[in-house]
Amino acid sequence: INHLRCPSLKNCTSFDYHFCLILKGFFLTVSLESILKVAKQASENNKIFCLNLSAPFICEFFKEALMKVMPYVDILFGNETVSIT
């Protein structure tokens, strides 16, 4: 998460040039802190934040982390197998 540690992502990336940010659910397995930082920044800057659930095990084993991110999710992606879980 060190690359995200700056006063504002807006000041250290091309955040202004993006209207939509898409992250894969696999990040929930390694860095909830990173996802929350990006999601909150997207929300504060009126950007669309999308999350791809990626695989059924994300919903099964990382539900608590997923629920912390969901309030910031504008669009949620998942395939048929993921939606069943």
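The paragraphs below set out a description of the structure included in this document. In this text the structure is predicted, and so the values were computed from the model without any measurement. Here the residue numbers are simple positions, counted from 1 along each chain's written sequence. pLDDT decides what is reported in this predicted model: residues at 70 or higher carry local features, side-chain atom pairs at 80 or more are listed and counted, and totals for whole chains, interfaces and linings draw on all residues regardless. The basis for every side-chain value is the complete set of heavy atoms in the structure, and neither hydrogens nor water enter the calculation.

**Details of the sheet that holds strand β2 (residues 48–52)**
- Pairing between two strands is assigned when DSSP locates at least 2 bridges connecting them. Only DSSP runs of H or I covering at least 4 residues are called helices, and only runs of E covering at least 2 are called strands; the numbering of each starts at the N terminus. The three strands lie next to each other as β1-β2-β3, forming an open sheet whose pairing is parallel. Both outer strands of the open sheet, β1 (20–24) and β3 (75–77), are each paired with one neighbouring strand and no more. Ignoring strand direction, the axes of neighbouring strands in this sheet form an average angle of 20°.
- As paired strands, β1 and β2 are joined by five bridges and run parallel to one another. Note that in β2 the partner of Ile22 across the bridge is Cys50.
- Contacts between residues were defined by any pair of non-hydrogen atoms, one from each residue, lying within 4.5 Å. Note on geometry: axes are lines fitted to C-alpha atoms, helical ones only across the stretch in contact, with angles between N-to-C directions running from 0 to 180 degrees. Packed onto the sheet, helix α2 (residues 32–44) meets β1 and β2 and runs at close to 160° relative to β1.

**Details of the pattern of salt bridges**
- Here, a salt bridge means any side-chain nitrogen of Lys or Arg that lies within 4 Å of a carboxyl oxygen of Asp or Glu. Tallied over the full model, the rule gives one salt bridge.
- Across the pair Glu64 and Lys68 runs a salt bridge whose closest N-O atoms are separated by 4.0 Å. Of this pair, Glu64 and Lys68 both sit in helix α4 (residues 63–69), four residues apart, which is roughly one turn of the helix.
- Judged by relative accessible area, which is 61%, Glu64 ranks as exposed.
- Throughout, exposure labels follow a simple rule: accessible area from a 1.4 Å probe, protein chains only, divided by the maximum for the residue type, with under 20% read as buried, over 50% as exposed, and the rest as partly exposed. We classify Lys68 as partly exposed; its relative accessible area is 42%.

**Digging into the nonpolar core**
- To qualify as a nonpolar core, a set must consist of buried Ala, Val, Leu, Ile, Met, Phe, Trp, Tyr and Cys residues joined through side-chain atoms within 4.5 Å. Grouped together as the largest cluster of nonpolar side chains are 18 residues, with contacts concentrated most on Leu23, Leu28, Ile35, Phe49, Leu51, Leu66 and Val69.
- Among the elements of the structure, β1, α2, β2, α3 (56–61) and α4 are those that each provide at least two residues to this core.
- Ignoring any residue separated from it by four or fewer positions in sequence, one finds Val69 in contact with Leu28, Leu32, Ile35, Leu36, Phe49 and Leu51.

**Observations regarding a nonpolar patch on the surface**
- Patch rule: a residue counts if its relative accessible area is over 30% and it has no salt bridge; like charges are joined within 9 Å, and nonpolar side chains (Val, Leu, Ile, Met, Phe, Trp, Tyr) within 5 Å. Using a 1.4 Å probe, accessible areas were evaluated by the Shrake-Rupley method; residue-level cover was limited to the displayed protein chains. On the surface, Phe19, Ile22, Ile48, Ile75 and Phe77 cluster together into a nonpolar patch covering about 480 Å² of accessible area.
- As for its placement among the helices and strands, Ile75 is situated in strand β3.
- A relative accessible area of 37% means that Ile75 is categorised as partly exposed.

**So, the pairing of β2**
- Throughout, right-handed denotes a crossover for which the path from the first strand over the helix to the second runs clockwise when the strands point away from the viewer. As for the winding sense of the linkage, the β-α-β connection from β1 through α2 to β2 is right-handed.
- Taken together, the three bridges between β2 and β3 define a ladder with parallel strand orientation. Of the residues in β3, the one forming a bridge with Cys50 is Ile75.

**Points about the environment of Pro71**
- Position of Pro71 among the secondary structure elements: in the loop between α4 and β3.
- Judged by its relative accessible area of 62%, Pro71 falls in the exposed class.

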